Amino acid sequence: MFTRLLLLCCVKCDDELQILLNLKSAFNESSSIALDSWNATAGSVCSFEGITCNAEESVKEIELSNQNLMGALPLNLICQLQSLDKLSLRYNLLENFTGEELSNCVNLQYLDLGNNVFEGPFPDQILELKKLNFLDLGYCGIKGRIPRAIGNLTELTDLQLQNNGLSGKIPVEIGKLHKLRRLQLNDNRLQGKLPVGLRNLTKLEYLDVSRNQLEGDISLLRYLTNMVSLQLTANLFTGIVPAGIWGLPKMVTIDITYNQFEGPITSDIKNAKEIRRLSTRGNQLAGELPEEISEATSLEIIELCWNQFSGKIPRGIGELKRFSSLELQYNGLSGSIPESLRSCLSITVINMARIILQGKSLVELGN
């Protein structure tokens, strides 16, 4: 019995050796140094650079990122490796990705094809990879709509589709991806409102939909209590930023610059103990800046310029020990510069242009 298993294993190793040698030939115009180690005399495919095997010495991972690989993506060969669960080919010059044969990669969990030169629509065959938990197709030239069947990939924790030509609405079915932690859709041509299903992504930590044509309010985002980074830059969002968003306890970055938001920054900003960057540049936010902003003790960068804030600069703002940048220019603020800035030795940028200031100047405050 043991001899039979050994023979079967050897046959499988020989098969995988030939598959990888054929794969090398498919990349014959490439100048990858990694492929130099792919030869029949190496002894085992597990010694090939970029190849990781499992305990049975079957190919488990292919990692050939940034290897100058050129030509069509040979999925007909790659998907013959039945134990393959990770494929990373990012930062190459691969093209003609239609997704054909991809459905044969039945055990694939990690697929990274970002930063290649594919053209055409989202490959539907990816939607058959039910074990997939990581998908990166960023910077690939993919165009058209995000398919509604994206909701079938319920194991996904990381979905990156940034810097493509994607258009239309974000499908509501994306709300079925309950395990999702990262969603990057920035730098596309997406339109419409945020789908209501987003409120179901309670494990989401990183959301970036910057530089699209999205509109409407963002009230549903207040339910995402695990959010670490929220980036909504350069869209058409309107309305009041819900109070709950300012105080999300794990938030590190809030960047809502260049939208049409209104209303105040509320006092629950004090609950955002991890926040380092607060950027609201170029909106219509108004009201007084809350004194509680100085209780967000991790704040490093405050960019509140080009809004309609009024009243005084919070007195305790200089008590933020990590403070490095304060931009308040082009608001309706007035009054004196807080004395607390005197002891704020970490600050490197202060911009208070077009603010009516009284009392001591920054030069007089010293330090």
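Scroll up to find the structure this text is about.
Residues numbered from 1 in each chain as written. Predicted model: local features only at pLDDT ≥ 70, side-chain atom pairs only at ≥ 80, totals over all residues. Heavy atoms only, no water.

Novice: Sorry, what's going on with the overall build of the chain here?
Specialist: When helices and strands are tallied, the chain shows four helices and 27 strands. When the backbone C-alpha atoms are referred to their principal axes, the chain occupies close to 90 × 40 × 40 Å. Split into buried and exposed, the 367 residues of the chain put 50% on the buried side. Contacts in the chain between residues far apart in sequence, at least 24 positions, make up 47% of those at least 6 positions apart. Counting 35 positive and 41 negative side-chain charges, the chain places the centres of these two groups 7 Å from one another. (Helix = DSSP H or I, 4+ residues; strand = E, 2+ residues; numbered from the N terminus. Buried < 20%, exposed > 50% of the residue type's maximum accessible area, 1.4 Å probe, protein only. Contact = heavy atoms within 4.5 Å. Lys, Arg positive; Asp, Glu negative; His and termini not counted. Charge placed at Lys NZ, Arg CZ, Asp CG, Glu CD.)

Novice: Which parts of the structure should I look at to understand the sheet that holds strand 13 (residues 189–193)?
Specialist: Where strands meet in a sheet, backbone hydrogen bonds hold them as pairs that are either parallel or antiparallel. One open sheet accounts for eleven strands, arranged 7-9-11-13-15-17-19-21-23-25-27; its pairing is parallel. Lying at the two open borders of the sheet, with one neighbouring strand each, are strand 7 (120–121) and strand 27 (356–358). Relative to strand 17 (residues 236–240), strand 15 (residues 213–216) runs parallel, the two sharing two bridges. Across the sheet, Glu-215 pairs through a bridge with Leu-236, a residue of strand 17. (Pairing = 2+ DSSP bridges.)

Novice: I'm lost on the pattern of salt bridges in this one. Help?
Specialist: When charged atoms on two side chains of opposite charge get close, those side chains can pair. All chains considered together, the criterion is met by 16 salt bridges. Of the charged contacts, one joins Lys-143 and Glu-119 as a salt bridge, the two residues approaching to 3.8 Å between their closest N and O atoms. Of this pair, Lys-143 sits in strand 9 (residues 142–145) while Glu-119 is found in the loop between strand 6 (110–112) and strand 7, placing the two residues 24 residues apart along the sequence. On the basis of relative accessible area, Lys-143 is assigned to the partly exposed category, the value being 46%. The exposure class of Glu-119 is exposed, given its relative accessible area of 53%. In this structure, a network of salt bridges that share partners links the residues Asp-255, Arg-277, Arg-281, Glu-303 and Glu-327. (Salt bridge = Lys/Arg side-chain N within 4 Å of Asp/Glu carboxyl O.)

Novice: I'm lost on the pairing of strand 21 (residues 284–288) in this one. Help?
Specialist: Remember that side chains alternate between the two faces of the sheet whenever the strand is regular. Here strand 19 (residues 260–263) runs beside strand 21; their pairing, made up of two bridges, is parallel. Paired with Gly-263 across the two strands is Leu-285, which belongs to strand 21. When strand 21 meets strand 23 (residues 308–311), the two strands line up parallel, connected through three bridges. In the sheet register, Glu-288 faces strand 23, and the bridge partner there is Ser-310.

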